[in-house]
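Chain residues, written in single-letter form:
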Amino acid sequence: MPSFTRRHFLTTAASLLPATALTNSWPAPKAPEPASPMRDRYDPWLEVEARALHENINTLSRLAGGRSIISMVKNNSYGLGIALAPKLIEPHPKVKAFGVVKTEECFQLLKSGIRKPILLLARPDDGAEFDLVRHGIQMCLYTPDALSRFEKFSAQLQQRIKVHAYVDTGMNRVGMPHRQAAQWLAELASSPSIELVSTFTDLTEDPEFDLEQVRRLRALADELKQSGLPAGALHAASSHGIYHRPDAHLDLVRPGLSQFGAYPSDYKKEELQAPLIPAYRWSARVVRVSQMEKGDSVSYGRKYIATKPTWIATVPIGHADGYPRTAVNGAVVFIKGRVYPVIGAVSASHTIVALGDEQTVNEGDTAVLVGPDHLAVAPDSVAASSGISVYDLLMHMNPAQPGVGS
Ligand SMILES: Cc1ncc(COP(=O)(O)O)c(C=O)c1O
């Protein structure tokens, strides 16, 4: 069994799938075909489902003892659309704020009408900081000079400015290094210009070291409290921490990936612990159905040669759209209640599936590449059978494709 460490490529494919995943017996097809709001379209599109997002957020909050959530929608909401997914998530009562890491995404969220607080957990573009603050974006501070700048902003805007203190407790990526943080935090917390809404860190997802990181964060917060200063809410846990580190749940949790129905590390164990629902469906429509004769080959490199007469279908999605080239190693596509293996080669804009001895699919049928319709096309199954990280499967989808919410 390979180790399922976060963001590491998975090394085996079909062998990791549940025994049922590659058969056509699961589930008994309930709906004949997903209702597609883009039925006229052949090119790929995305559907994002509010009900699944809300169910997943309920599950994550329950795992975290009912705690509220900062919904991480960075990097185009992990591929599901910077505006689309947050608009569907926003009404959930447990969601207290959104988190992004790109300056532009703050403005895109504002433009799309998001009203809950937006946190920028990264360094803003040069010259953008005042504009962000003026528009109510909450900045995550981590440099020694931040306080003096924010005191100026506060004077200009004649208001206290809400900020979050980002402490590096061992990731060595972003944040004020914890060994230098005590005095800096005390100055932030005591400034009349600033409201310190939260103090937070991110975890390395190492079983022992995570706990040390939490201890470091708590120690800094306790020091503030002893001086009569507020640290604000404490938070550290992303999806992995929600599933695996109850000690890191603190006051709030910050899930990203898991909101969308994919698991952070060991998906089989995590699914047993608390199942999630794929919150998106990635589809395109079949553009050609044909029958190969024995000896005919498929696509570049002739890697698939028919050993008998075989029906095949072409789906107009490829690696330029973000569908993994490695899907040929065992991924399947769901069409009209059944799953079919990807064969040959995934080219830039086309993927071919084998139908078998009979023509079971027609031109124009909807093909679901990833979605909730069958376990074998759930995000984690497609990622595992393609030998890629599920984070990459989501985040590498072409952001230009259209998406609809329901
Ligand atoms: C600071 C921070 N918090 C939370 C998250 C959410 O992580 P995940 O998608 O694993 O839940 C991330 C993502 O990498 C992050 O950088």
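Residues numbered from 1 in each chain as written. Predicted model: local features only at pLDDT ≥ 70, side-chain atom pairs only at ≥ 80, totals over all residues. Heavy atoms only, no water.

Re unusual backbone geometry
Its identity is not glycine, yet Asn 76 carries a phi of approximately 60°, on the positive side. Within the secondary structure, Asn 76 sits in helix H2 (residues 74-78). One non-glycine residue with positive phi stands out, namely Ser 77, at about 50°. Residue Ser 77 is classed as buried on the basis of its relative accessible area, which comes to 0%. (Helix = DSSP H or I, 4+ residues; strand = E, 2+ residues; numbered from the N terminus. Buried < 20%, exposed > 50% of the residue type's maximum accessible area, 1.4 Å probe, protein only.)

Thoughts on the sheet that holds strand E11 (residues 280-285)
Within the open sheet, the nine strands sit side by side as E12-E15-E18-E17-E16-E19-E11-E1-E20. Their pairing is mixed. For this open sheet the edge positions go to strand E12 (288-292) and strand E20 (403-405), each flanked by a neighbour on one side alone. On average, each strand axis in the sheet is tilted by 35° relative to the strand beside it, whichever way the strands run. (Pairing = 2+ DSSP bridges. Axes fitted to C-alpha atoms, helices over the stretch in contact; angles between N-to-C directions.)

Topic: the domain arrangement of the protein chain
If you check the domain split of the protein chain, you get domain 1 (14-47 + 279-405) and domain 2 (50-262). Relative to domain 2, the C-alpha centre of domain 1 lies at a distance of 37 Å. The partner domain 2 presents 15 residues to the 14 residues of domain 1 that form the contact. A buried area of about 1200 Å², summed over both sides, lies between domain 1 and domain 2, and 75% of it is on carbon and sulfur atoms. If you sort the residues of domain 1 by the area they bury against domain 2, Ala 279, Leu 394 and Met 395 come out on top, with a joint share of 44%. Inspection of the region where domain 1 meets domain 2 yields zero salt bridges. The tally of links from domain 1 across to domain 2 stands at one residue pair in polar contact (both at pLDDT 80 or more). Of all the elements in the fold, those that place two or more residues in the side of domain 1 that touches domain 2 are helix H11 (379-386), helix H12 (390-395) and E20. Examining the composition of the side of domain 1 that touches domain 2, we find that four residues originate from one element, H12, more than from any other. (Domains from an automatic or database assignment. Contact = heavy atoms within 4.5 Å. Buried area = accessible area lost by both parts, 1.4 Å probe. Salt bridge = Lys/Arg side-chain N within 4 Å of Asp/Glu carboxyl O. Polar contact = N/O pair within 3.5 Å; in protein donor to acceptor, adjacent residues only side chain to side chain.)

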